[in-house]
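Listed here are the chains, written in short residue letters.
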Amino acid sequence: AAERTRTRFGQFRPYLLVGAPLCAAAFVLLYSLPLLGVTDAAIVATAVILFRGLFAIADIPHNALITRLTRDSRARTRIAGYRMVFSSGASLVISLASPLFLSGGDRAESLFLFVLLAGTGAVVTLVIAAQAVGNADRPASTVPLPLRGQLTAILASADARMLLLITVLTGLFPPLFAKTFLYF
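Keep in mind the model is a prediction, meaning the values are calculated, not measured.

A.B. asks: Explain the overall build of the protein chain to me, using residue names and the numbers behind them.
C.D. replies: Each helix and strand in the protein chain was counted, giving seven helices and zero strands. Starting at the N terminus and ending at the C terminus, the protein chain contains elements arranged as α-α-α-α-α-α-α. Summarising its shape, the C-alpha atoms of the protein chain cover approximately 55 × 50 × 30 Å along the three principal directions. Counting over 184 residues, the protein chain shows a buried share of 26%. Within the protein chain, residue pairs in contact and separated by at least 24 positions form 67% of the contacts whose partners lie at least 6 positions apart.

A.B. asks: Outline helix H4 (residues 73-102), supporting the account with residue identities and numerical values.
C.D. replies: Between its first and last C-alpha atoms H4 spans 43 Å; for 30 residues at 1.5 Å apiece the expected length is 44 Å, and the two agree. Along H4, the sharpest kink reaches roughly 25°, centred on Leu-96 and followed within four residues by the proline Pro-99. Every buried residue belonging to H4 is among Ala-75, Thr-77, Ala-80, Ala-97, Ser-98 and Leu-102, and all of these are buried. For H4, the N-terminal capping position is held by Asp-72, with its side-chain oxygen 3.3 Å away from the main-chain nitrogen of Arg-74.

A.B. asks: Tell me about the packing of helix H1 (residues 13-36) against helix H2 (residues 41-64), and name the residues and values.
C.D. replies: Where H1 contacts H2, the two axes come as close as 8 Å, and the packing angle between them is 155°. Classed by the angle they form, the pair H1 and H2 counts as roughly antiparallel. Regarding H1 and H2, the two cross each other, and that crossing is left-handed. Each of Tyr-15, Leu-16, Gly-19, Ala-20, Leu-22, Cys-23, Ala-26, Phe-27, Leu-29, Leu-30 and Leu-33 in H1 lies in contact with H2, whose residues at this interface are Ile-43, Val-44, Ala-47, Val-48, Leu-50, Phe-51, Leu-54, Phe-55, Ile-57, Ala-58, Pro-61 and His-62. Broken down by class, the residue content of the contact of H1 with H2 amounts to 21 nonpolar, two polar and no charged.

A.B. asks: Go over the packing of H4 against helix H5 (residues 107-132) with me, naming the residues and quoting the values.
C.D. replies: At a minimum axis separation of 9 Å, H4 and H5 run at an interaxial angle of 145°. Crossing of H4 over H5 shows right-handed handedness. Of the residues in H5, those in contact with Ile-94, Ala-97, Ser-98, Phe-101 and Leu-102 of H4 are Arg-107, Ser-110, Leu-111, Phe-114, Leu-117 and Ala-118. Of the residues contributing to the contact of H4 with H5, the split by class is eight nonpolar, two polar and one charged.

A.B. asks: Which residues make up the packing of aromatic side chains, and what values do they have?
C.D. replies: Under the criterion given, the structure shown has three aromatic pairs. Look at Phe-51 and Phe-55: their rings are 5.9 Å apart centre to centre, the planes differ by 45°, and that puts the pair in the tilted class. Of this pair, Phe-51 and Phe-55 both sit in helix H2, four residues apart, roughly one helical turn. Residue Phe-55 is classed as partly exposed on the basis of its relative accessible area, which comes to 31%. Grouping aromatic residues by their ring pairs yields a cluster made of Phe-27, Tyr-31, Phe-51 and Phe-55.

A.B. asks: Explain the environment of Met-84 to me, and be specific about the residues and the numbers.
C.D. replies: Following the sequence through the fold, Met-84 ends up in helix H4. Overall, the relative accessible area of 30% leaves Met-84 in the partly exposed class.

Cut-offs applied
- Residues numbered from 1 in each chain as written.
- Predicted model: local features only at pLDDT ≥ 70, side-chain atom pairs only at ≥ 80, totals over all residues.
- Heavy atoms only, no water.
- Helix = DSSP H or I, 4+ residues; strand = E, 2+ residues; numbered from the N terminus.
- Buried < 20%, exposed > 50% of the residue type's maximum accessible area, 1.4 Å probe, protein only.
- Contact = heavy atoms within 4.5 Å.
- Expected span 1.5 Å × (residues − 1).
- Bend = angle between axes of the 7 residues up to and from the residue.
- Polar contact = N/O pair within 3.5 Å; in protein donor to acceptor, adjacent residues only side chain to side chain.
- Axes fitted to C-alpha atoms, helices over the stretch in contact; angles between N-to-C directions.
- Parallel < 35°, antiparallel > 145°, perpendicular 65-115°, else oblique.
- Left-handed = near helix turned anticlockwise from the far one by under 90°.
- Nonpolar A, V, L, I, M, F, W, Y, C, P; charged D, E, K, R; others polar.
- Phe/Tyr/Trp six-rings, centres within 6.5 Å; stacked < 30°, edge-to-face > 60°.

Here it is as structure tokens:
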């Protein structure tokens, strides 16, 4: 959809500028359910699906925007790597900060305030990203390669192969470690 979008704000930017606040609102709603006293599984499932759907609306164009920043595959790989580093860093900060927020008296209210702060931070980050791309958010002037050509081009890059290996390992080992740790 973003590839076919044509607005004066660009192709991907509208999804970030509109999708990020909607996603943050769904995130806050999801984690506000305890404060609201909601325990119905159907309502919780609906809130999760709403959040994940709105997350995709903001996140997929955000990731795809990397392809517009440079035509150099090595630079794209580095940008994607930096994005992963900052994303992991934000996750670490949230993980370390959450016990501080949730150690107070009313946990449901503390959770609400914490996710409100986290959601606001995510919106600010995506708005900054949307503004930082400048004129790079415009329609591509070239016809995309067929899927086989894309895969060949990706696998030809040593940086991309390394990033793919790291992605597989980071996706594989946490569940294995968590299960093994429990047994020990």
